[in-house]
Amino acid sequence: QVQLVEPGGGLVQAGGSLRLSCAASGRTFSSYAMGWFRQAPGKEREFVAAITWSGDRTAYADPVKGRFTISRDNAKNTVYLQMNSLKPEDTAAYYCAAGVGLSIATLSRSSAYNYWGQGTQVTVSS
């Protein structure tokens, strides 16, 4: 069982930066692939970024490539999402997720993840 907590959301102006973190409980964090998803009002949840259990491979959705960076610190049981050059269309609730046995091909699939955080709101003003 893994519990995920995501502090760190907030309000930021367009062009600004924000770093989200997701802290996981449990001693098996390092065996989980981790992902970030987001959901804007009236829209479906969408993939943002993911990282393998070892941290050696990452995946990003096209809208955030070159602006967002996912990383993890297995010693701290924490995954991060550094968001730069934020745009109003990045406004959404952001969720972190943990999954076991994910391949690089399945990192972007929400159905592949076993555990989800409660979400944190990110609002980008224009």
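In what follows, the structure referred to is the one given above.
This write-up is about the structure you can find in this document. (Residues numbered from 1 in each chain as written. Predicted model: local features only at pLDDT ≥ 70, side-chain atom pairs only at ≥ 80, totals over all residues. Heavy atoms only, no water.)

Moving on, we get to the overall build of the protein. The number of helices and strands found in the protein is 0 helices and 11 strands. For a compact globule of 126 residues, the expected C-alpha radius of gyration is about 14 Å, and the protein comes in at 13 Å, within 12% of that figure. Referenced to the eigenvectors of the C-alpha coordinate spread, the extents of the protein come out at roughly 40 × 25 × 25 Å. A burial count over the protein gives 45% of its 126 residues as buried. Contacts in the protein between residues at least 24 apart in sequence constitute 59% of all its contacts with a sequence separation of at least 6. Total accessible area on the protein stands at roughly 6400 Å², and carbon and sulfur atoms take up 47% of it. Positive and negative side-chain charges in the protein, numbering 12 and 8 respectively, have mean positions lying 4 Å apart. (Helix = DSSP H or I, 4+ residues; strand = E, 2+ residues; numbered from the N terminus. Rg over C-alpha atoms; globule rule 2.2 N^0.38 Å. Buried < 20%, exposed > 50% of the residue type's maximum accessible area, 1.4 Å probe, protein only. Contact = heavy atoms within 4.5 Å. Areas by Shrake-Rupley, 256 points an atom, 1.4 Å probe, with all protein chains shown as cover. Lys, Arg positive; Asp, Glu negative; His and termini not counted. Charge placed at Lys NZ, Arg CZ, Asp CG, Glu CD.)

Judged by nonpolar contacts, the single largest core of 38 residues is most densely connected at Met34, Trp36, Leu81, Met83 and Tyr94. Every element with two or more residues in this core is listed here: β3 (18-24), β4 (33-39), β5 (46-51), β7 (68-73), β8 (78-83), β9 (92-99) and β11 (120-125). Here leucine 81 is in contact with Leu18, Arg19, Leu20, Trp36, Val48, Ala49, Phe68, Thr69, Ile70 and Tyr94, once residues within four sequence places are set aside. (Core = buried A, V, L, I, M, F, W, Y, C linked by side-chain atoms within 4.5 Å.)

Time to look at the pattern of salt bridges. Using the criterion set out here, one finds 4 salt bridges in the structure. Close ionic contact of arginine 38 with glutamate 46 constitutes a salt bridge, the shortest N to O distance being 2.6 Å. Arginine 38 gets classed as buried once you look at its relative accessible area, which sits at 6%. Between arginine 67 and aspartate 90 there is a salt bridge, and its shortest N-O distance comes to 2.8 Å. One end of the pair, arginine 67, is in the loop between β6 (58-60) and β7; the other, aspartate 90, is in the loop between β8 and β9, and 23 residues separate them in sequence. (Salt bridge = Lys/Arg side-chain N within 4 Å of Asp/Glu carboxyl O.)

For the rest of this paragraph, the subject is the state of the cysteines. The full count for this structure, using the stated rule, is 1 disulfide. Cysteine 22 shares a disulfide with cysteine 96; S-S distance 2.0 Å. Where cysteine 22 bonds to cysteine 96 through sulfur, the torsion about that S-S bond is close to 45°, and the disulfide is right-handed. Taken together, the residues span a long stretch of sequence, with cysteine 22 in strand β3 and cysteine 96 in strand β9 at a distance of 74 residues. (Disulfide = S-S within 2.5 Å.)

This paragraph deals with the side chain of threonine 78. Tracing the sequence through the fold places threonine 78 in strand β8. Look past the residues within four positions of threonine 78 in its chain and what remains in contact with it is Ser21, Cys22, Ala23, Phe29, Arg72 and Asp73.

As enumerated under the stated definition, the model contains 5 aromatic pairs in all. Ring centres of phenylalanine 37 and tryptophan 116 lie 5.1 Å apart, and the angle between their planes is 55°; on these two criteria the pair is classed as tilted. Taken together, the residues span a long stretch of sequence, with phenylalanine 37 in strand β4 and tryptophan 116 in strand β10 (residues 115-116) at a distance of 79 residues. Given the relative accessible area of 1%, phenylalanine 37 is considered buried. Judged by its relative accessible area of 28%, tryptophan 116 is partly exposed. Members of the aromatic cluster, each reached through a chain of ring pairs, are Phe37, Phe47, Tyr113 and Trp116. Sitting over the face of the ring of tryptophan 116, arginine 45 holds its NZ or CZ atom 4.7 Å from the ring centroid. (Phe/Tyr/Trp six-rings, centres within 6.5 Å; stacked < 30°, edge-to-face > 60°. Lys NZ or Arg CZ within 6 Å of the ring centre and 35° of its normal.)

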